[in-house]
Each structure stands twice: as structure tokens, then as C-alpha cells.
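# Observations on the three-dimensional arrangement
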Amino acid sequence: MPRPPDPAKRRDLLDQVRQYVIRNGLADLSLRPLARALGTSDRMLLYYFGTKERLVADALALDENRPLLRAPDLLDTLGRPEDPAGVRRFMEQVWRLFNTPDRRALLPLSLEVMAASLLHPDRYGPLMHDMITGWTRLLTSVFRDLGMAEARAHTEATLLVDSAFGLVLAPLADGDWNRAETAFQSLLDRLEPGWQTT
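Calculation notes
Residues numbered from 1 in each chain as written. Predicted model: local features only at pLDDT ≥ 70, side-chain atom pairs only at ≥ 80, totals over all residues. Heavy atoms only, no water. Helix = DSSP H or I, 4+ residues; strand = E, 2+ residues; numbered from the N terminus. Buried < 20%, exposed > 50% of the residue type's maximum accessible area, 1.4 Å probe, protein only. Contact = heavy atoms within 4.5 Å. Areas by Shrake-Rupley, 256 points an atom, 1.4 Å probe, with all protein chains shown as cover. Arc of directions from axis to C-beta. Phe/Tyr/Trp six-rings, centres within 6.5 Å; stacked < 30°, edge-to-face > 60°. Salt bridge = Lys/Arg side-chain N within 4 Å of Asp/Glu carboxyl O. Core = buried A, V, L, I, M, F, W, Y, C linked by side-chain atoms within 4.5 Å. Axes fitted to C-alpha atoms, helices over the stretch in contact; angles between N-to-C directions. Parallel < 35°, antiparallel > 145°, perpendicular 65-115°, else oblique. Left-handed = near helix turned anticlockwise from the far one by under 90°. Nonpolar A, V, L, I, M, F, W, Y, C, P; charged D, E, K, R; others polar. Polar contact = N/O pair within 3.5 Å; in protein donor to acceptor, adjacent residues only side chain to side chain.

### Examining the overall build of the chain
- Looking only at helices and strands, one finds twelve helices and zero strands in the chain.
- Helices and strands appear in the chain in the N-to-C order α-α-α-α-α-α-α-α-α-α-α-α.
- The buried share of the chain, taken over its 198 residues, is 43%.
- When contacts within the chain are restricted to residue pairs at least 6 apart in sequence, those whose partners lie at least 24 apart make up 64%.
- Accessible surface computed for the chain: about 11100 Å², of which carbon and sulfur atoms make up 53%.

### Let's talk about helix α3 (residues 42-49)
- By the burial criterion, the buried members of α3 are Leu45, Tyr48 and Phe49. Viewed end-on, α3 has its buried residues packed into an arc of 80°, placing them on one side of the element.
- Count one or two residues on from α3 and you reach glycine 50, which has phi positive near 85°.

### Describing the packing of aromatic side chains
- Across all of its chains, the model carries five aromatic pairs by this definition.
- Both rings, one in tyrosine 47 and one in tyrosine 48, keep their centres 5.2 Å apart while their planes meet at 80°; by these two values the pair is edge-to-face.
- Tyrosine 47 sits in the partly exposed class, given a relative accessible area of 38%.
- Taken together, a centroid distance of 6.3 Å and an interplanar angle of 50° make the contact between phenylalanine 90 and tryptophan 135 tilted. Of this pair, phenylalanine 90 sits in helix α6 (residues 84-98) while tryptophan 135 is found in helix α9 (residues 127-145), placing the two residues 45 residues apart along the sequence.
- A residue is classified by how much of its surface remains accessible, and tryptophan 135, at 7% relative accessible area, is buried.
- Connected via pairs of aromatic rings, a cluster forms that spans Tyr47, Tyr48 and Phe49.

### Notes on the pattern of salt bridges
- Enumeration according to the criterion identifies eight salt bridges in this entry.
- The shortest N-O distance in the salt bridge between glutamate 92 and arginine 88 comes to 3.1 Å. Remark: arginine 88 and glutamate 92 occur in helix α6; sequence separation between them is four residues, near one turn of the helix.
- Ionic contacts of the salt-bridge type, sharing partners, join the residues Arg88, Glu92, Asp189 and Glu192 into one network.

### Thoughts on the nonpolar core
- Core analysis: the biggest nonpolar cluster contains 36 residues, and Leu139, Phe143 and Leu160 have the highest contact counts within it.
- Going through the elements one at a time, α5 (71-78), α6, α7 (101-119), α9, α10 (150-169) and α12 (177-191) are the ones with two or more residues in this core.
- By residue number, the principal contributor to this core is α10, which donates eight residues.
- Each residue touching phenylalanine 143, except ones within four places of it in the same chain, is listed here: Val87, Met148, Ala153, Glu156, Ala157, Leu160 and Trp195.
- Val21, Leu26, Leu38 and Leu45 belong to the second largest nonpolar core, which has 19 residues in total.

### Examining the packing of helix α1 (residues 7-24) against helix α2 (residues 31-38)
- Look at α1 against α2: their axes get within 10 Å of each other, and the N-to-C directions meet at 115°. One element, α1, and the other, α2, form an angle in the roughly perpendicular class. Viewed along their axes, α1 and α2 form a crossing whose handedness is right-handed. Contacts from Leu13, Gln16, Val17 and Tyr20 of α1 reach α2 at Pro33, Leu34, Ala37 and Leu38.
- Considered class by class, the residues forming the contact of α1 with α2 number seven nonpolar, one polar and no charged.

### Considering the environment of arginine 80
- Within the secondary structure, arginine 80 sits in the loop between α5 and α6.
- On the basis of relative accessible area, arginine 80 is assigned to the partly exposed category, the value being 36%.
- For the pair formed by arginine 80 and aspartate 145, sequence separation is 65 residues and the distance between their alpha carbons is 9.8 Å.
- In this view, arginine 80 contacts Leu75, Ser141, Val142 and Asp145; residues no more than four positions away in its chain are not counted.
- A distance of 2.7 Å separates the side chain of arginine 80 from the side chain of serine 141, its partner in a polar contact.

So, in C-alpha cells, the structure goes:
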């Protein structure tokens, strides 16, 4: 009867894999070079995880502070906005959470995983779709609670989520996070007056 996988060894491998993919990305990830870097074999990795994709997904799931912040979790943590000023404060807090040095370092890998999820949803799951729709649904419900009709609430949520997501992506090209911060505040300045419902 085969011996069951050692949970402590599995966790140690996941920690090492996570650090490896943060440094090297996913594009050229191959089990044999990965196994060599970890001081093990590709057969051992398959024994513990079954597939390369499962290995990567499990390794990324270790990070409890990952930049792909889940909207419902943050709503529980930060509280539900009750007025337009509260929506602004909520989004500013979310922006700050996305823009810590640790999360900035993880963004390229997170985006690579999201892109892979669009091309190979069977391997990585629909991460991009889930993240965008999760945030849009949450903010739609927040705007509805402010008294907006469903269609308008959805439009405001879409505008805010898609614009903020783009502003997170842009600094990855040139590293200018100050410009992104200024643009984000300008975005909120322009949108906030439209959140009034009376």
C-alpha cells in the first residue's frame, strides 16, 4: 500500500514553488527545471500535486495577502459604505491595499495567472472573470443601497472597477505609481458627484 503524501513536505514544496514562480513567472515554467531548483524530481512534484497547473494554483493560494483581493472579504474587513463619501473612502483603502510594496511585487505574476486563466480556464480557472465580476457585483450592490436603480448602479460599478484596474496595471510598464495615485484620486473626484442619488 503506497505511503500517503507528507503534509509538511507538501507545504514546504508549495512555499518553495511560490517563491520560484514569483521570481521566474509562468511563461516558461517547466517541471524539470523547477524540480532541480527545489532539489527534488519532477516525479516527486507530480506525486504530491498531480499536475503542474495544480501545483501552481495551490502555491499561489498560499498567499493570504495576495493582490487578487476578494471583494467580499474586503467588504467584511473594511465595512459597507453607506454614502458616496463612504464609497470613496472604501475605494481609497482598497487602492492602498493593492499598492503596498509586497503586493506590487506580486502583481506581474498575478496578471500572468489571470491571463492564463482566460486562455486556459480548464487549468487555472476563470480568475480574471471572477475577480472583475466579483468587484463589479459588490459595488453594484453598494450603489443600489445608495438608492440607484439597478442599471445605473451597474454602470457606475463597471466604470469604477474597470478604470481602477487599468490604473493598477499601467505602473507595471513604467513604475510610476505616483502618477497612478494622482490619476486614481482624479477619477474619484470626477465620479463621486455622480453617486449622489437625490
